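# Secondary and tertiary structure notes
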Amino acid sequence: MREVDAMPSFVCLDCGPGREAAYDIHVTMDDETRIIATHHLGGKTVPSPLRSPRCPAREGGRIRIMRPGRVAKAHLYET
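Right, let's walk through the structure included here.

Assigned secondary structure in the protein consists of one helix and seven strands. Going residue by residue from the N terminus, the α and β elements of the protein occur as β-β-β-β-β-β-β-α. Across the 79 residues that make up the protein, the buried fraction comes to 23%. Sequence separation of at least 24 residues holds for 42% of the intrachain contacts in the protein that already meet a minimum separation of 6.

Here's what the structure looks like:
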């Protein structure tokens, strides 16, 4: 098993809030050599944020996924 860290940025295009989350991704290979990636957030297994992005405030909505650090950088310039 291989562990990977990912911290994508998300912004909800319907209600506006941006967020970043640090996911632990556990990558394994099954008996038929298919790659299986399991995403974890806060110790819980969650769906892939890239395959099923959801706004936590709206439980849905249109989401834009951005490079890590984009939301944090935008918060520096808020007034």
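Moving on, we come to the layout of surface pockets. The volume enclosed by the largest pocket comes to roughly 230 Å³. Lining the largest pocket are 14 residues; nearest its centre among them are Arg19, Tyr23, Pro47, Ser52 and Arg54. Grouping the amino acids of the lining of the largest pocket by side-chain chemistry returns nine nonpolar, two polar and three charged.

What follows concerns unusual backbone geometry. We note that Thr33 has phi near 60°; this positive angle belongs to a residue other than glycine. Checked against the element boundaries, Thr33 lands in the loop between strand E4 (23-29) and strand E5 (35-41).

Criteria and cut-off values
Residues numbered from 1 in each chain as written. Predicted model: local features only at pLDDT ≥ 70, side-chain atom pairs only at ≥ 80, totals over all residues. Heavy atoms only, no water. Helix = DSSP H or I, 4+ residues; strand = E, 2+ residues; numbered from the N terminus. Buried < 20%, exposed > 50% of the residue type's maximum accessible area, 1.4 Å probe, protein only. Contact = heavy atoms within 4.5 Å. 1 Å grid on protein atoms, 1.4 Å probe; cavity = no way out; pocket = protein on both sides within 12 Å on 5 of 7 lines; lining within 4 Å. Points joined across faces, edges and corners; volume = space filled by probe spheres on them. Nonpolar A, V, L, I, M, F, W, Y, C, P; charged D, E, K, R; others polar.

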